[in-house]
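Overview (structure and organization)
So you can see what is in the structure, the chains are spelled out below.
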Protein chains: 2
Amino acid sequence: MQLQECINFLLTSAQHTVSQYLNQKLLPYDITPSQYGVLHCLWINNGTCIPKQIAKMLYLETPTISGILDRMQKKELIDRVINTENRREILVIITEKGKALEEPIKKIINEVNDEVMKNFTKEESDFIRKSLLQIAEKELLQK
Amino acid sequence: MQLQECINFLLTSAQHTVSQYLNQKLLPYDITPSQYGVLHCLWINNGTCIPKQIAKMLYLETPTISGILDRMQKKELIDRVINTENRREILVIITEKGKALEEPIKKIINEVNDEVMKNFTKEESDFIRKSLLQIAEKELLQK
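Note that the coordinates shown come from a computational prediction; the quantities given were computed from them, not determined experimentally. (Residues numbered from 1 in each chain as written. Chains lettered and ligands numbered in written order. Predicted model: local features only at pLDDT ≥ 70, side-chain atom pairs only at ≥ 80, totals over all residues. Heavy atoms only, no water.)

**As for the overall build of chain A**
Along chain A, the regular secondary structure elements total seven helices and three strands. Listed by position from the N terminus, the elements making up chain A come as α-α-β-α-α-β-β-α-α-α. In terms of principal-axis extent, the alpha carbons of chain A reach across some 55 × 40 × 25 Å. Counting all 143 residues of chain A, 48% fall into the buried class. Within chain A, counting contacts between residues at least 6 apart in sequence, those at least 24 apart form 50% of the total. For chain A, the accessible area works out to roughly 7,700 Å², and carbon and sulfur atoms hold 50% of it. (Helix = DSSP H or I, 4+ residues; strand = E, 2+ residues; numbered from the N terminus. Buried < 20%, exposed > 50% of the residue type's maximum accessible area, 1.4 Å probe, protein only. Contact = heavy atoms within 4.5 Å. Areas by Shrake-Rupley, 256 points an atom, 1.4 Å probe, with all protein chains shown as cover.)

**Here we look at the relation of the copies chain A and chain B**
For the pair chain A and chain B, the relating rotation is 180 degrees, the translation along its axis is 0.0 Å, and the fit reaches an RMSD of 0.0 Å. What the superposition gives is, in effect, a two-fold axis relating one chain to the other. Of all interface residues in chain A, 100% are interface residues in chain B too; the two copies therefore contact each other through one and the same surface. (Least-squares fit on C-alpha atoms with pLDDT ≥ 70 in both.)

**Describing the pairing of strand 3 (residues 90-94) of chain A**
Residue and element names in this part refer to chain A. Judged from the two bridges that link them, strand 1 (residues 48-49) and strand 3 form a sheet pairing that is antiparallel. Residue pairing in the sheet places threonine 48 in a bridge with isoleucine 93 of strand 3. Summarising the sheet, strand 2 (residues 78-82) and strand 3 pair through five bridges and their orientation is antiparallel. Note on strand 3: the bridge partner recorded for isoleucine 78 is isoleucine 94. (Pairing = 2+ DSSP bridges.)

As structure tokens, this is what we get:
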């Protein structure tokens, strides 16, 4: 098998190209693609999530999410508070600064998607997205 | 746009799932997917490459490659020598240890590819690979 046929190599290379581009576009807002992922979870959940819910939506492990949340809290994009209804639970809540980013960031995400997918037809790009989601959701790791 | 329609999110998530699986499979050989990439370049080039050539094949920047090569040299998978025909050039050469990995690692790469792509038809999986390569090779960054 050639390197250019290896699915891990292809995914890594395509991801590298696109995330570098997205990073460049997000630079003026001082946020990274993973931080956008967390903000998105909060935007669609009325500004409040538990870390486990964010981890699940982003297909990441909870310790990875904790690191991202630490940096976002330092930047005052989110806050973490104790859930008064269940004091063993931490709630992640969006700040005004995090809320204000919704409109400009969504615009950038749309532009990046249009640019990356512009040479594919609607059917092709739907198929690529569906296939990537299927791969992302595969349970491959051996316990 | 939903997060699950964002091409950067989809690529990152699919890449994460597949590379975690490949990492697990490569663990007994103490090499990472990027180190496999470098070994592959050497295997198909009679065991010798210049760093720039490796960077180009892997769609990575030369400083990133330098870091990977440092770790591979410590593990005695490669060596770096001065090109006697052009003393300003460094050659990366494969060691016996690096050569011996070709057969077992190629077997793992084939198994991982078969497992990840098993629910796609030959046509679908060819299309996915071709599309990912097109995305990887896009020149998106603004200078």
